[in-house]
Amino acid sequence: MELLVIHHNHLTLHACILLGIGIIVRYWIGRRRFNRRSIAGLQLFSSYEKWWLVTRIESLINFLALVAIIAGIVLLIFK
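Residues numbered from 1 in each chain as written. Predicted model: local features only at pLDDT ≥ 70, side-chain atom pairs only at ≥ 80, totals over all residues. Heavy atoms only, no water.

Description of the overall build of the protein
Counting secondary structure elements, the protein contains two helices and zero strands. Among the 79 residues that make up the protein, the fraction classed as buried is 18%. Counting only contacts in the protein whose residues sit at least 6 apart along the sequence, the fraction spanning at least 24 positions is 73%. If you sum the accessible surface of the protein, you get close to 6200 Å²; carbon and sulfur atoms cover 74% of it. (Helix = DSSP H or I, 4+ residues; strand = E, 2+ residues; numbered from the N terminus. Buried < 20%, exposed > 50% of the residue type's maximum accessible area, 1.4 Å probe, protein only. Contact = heavy atoms within 4.5 Å. Areas by Shrake-Rupley, 256 points an atom, 1.4 Å probe, with all protein chains shown as cover.)

Written out as structure tokens, the structure reads:
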């Protein structure tokens, strides 16, 4: 029985860590995108290559953060 309680505590801890990391990463990317905006509301980049690379990397990281959030919620619900 004690092992089951320890297992649930670890799941809760991992779920909270996943949720926290996912939320922080999505906030960080949103802030970066906001700070790149001009007065007209468009994101400004110094070159096409930089735009292409940054948007692809940010999209991938944003997706992984969303997966972490969903995994954290699932772990909390089904612990």
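After presenting the structure, the write-up continues.
Here we look at the pattern of salt bridges
Scanning all chains against the criterion turns up three salt bridges. Put simply, E58 and R33 hold a salt bridge, and the shortest N to O gap is 3.2 Å. A residue pair is termed long-range when its members are at least 10 positions apart, and E58 in helix α2 (residues 48–77) and R33 in helix α1 (residues 2–35) qualify at 25 residues. For R33, a relative accessible area of 24% translates into the label partly exposed. The shortest N-O distance in the salt bridge between R36 and E58 comes to 2.9 Å. One end of the pair, R36, is in the loop between α1 and α2; the other, E58, is in helix α2, and 22 residues separate them in sequence. (Salt bridge = Lys/Arg side-chain N within 4 Å of Asp/Glu carboxyl O.)

Some words on the packing of aromatic side chains
Applying the stated criterion across every chain yields a total of one aromatic pair. On the basis of an interplanar angle of 35 degrees and a centroid distance of 5.4 Å, the ring pair of Y48 and W51 is categorised as tilted. Remark: W51 and Y48 occur in helix α2; sequence separation between them is three residues, near one turn of the helix. Under the relative-accessibility criterion, Y48 is labelled exposed at 55%. (Phe/Tyr/Trp six-rings, centres within 6.5 Å; stacked < 30°, edge-to-face > 60°.)

Side note on α2
The terminal C-alpha atoms of α2 lie 43 Å apart, and with 30 residues this matches the ideal 44 Å at 1.5 Å per residue to within 8%. Residues of α2 that are buried: V54, T55, E58, N62, A65, A68, I69 and G72. (Expected span 1.5 Å × (residues − 1).)

Brief notes about the environment of R37
Looking at where R37 falls in the secondary structure, it is placed in the loop between α1 and α2. Residue R37 is classed as partly exposed on the basis of its relative accessible area of 40%. If we ignore the near neighbours within four places in the chain, the residues touching R37 are L42 and Q43. There is a polar contact of 3.0 Å between the side chain of R37 and the backbone oxygen of G41. (Polar contact = N/O pair within 3.5 Å; in protein donor to acceptor, adjacent residues only side chain to side chain.)

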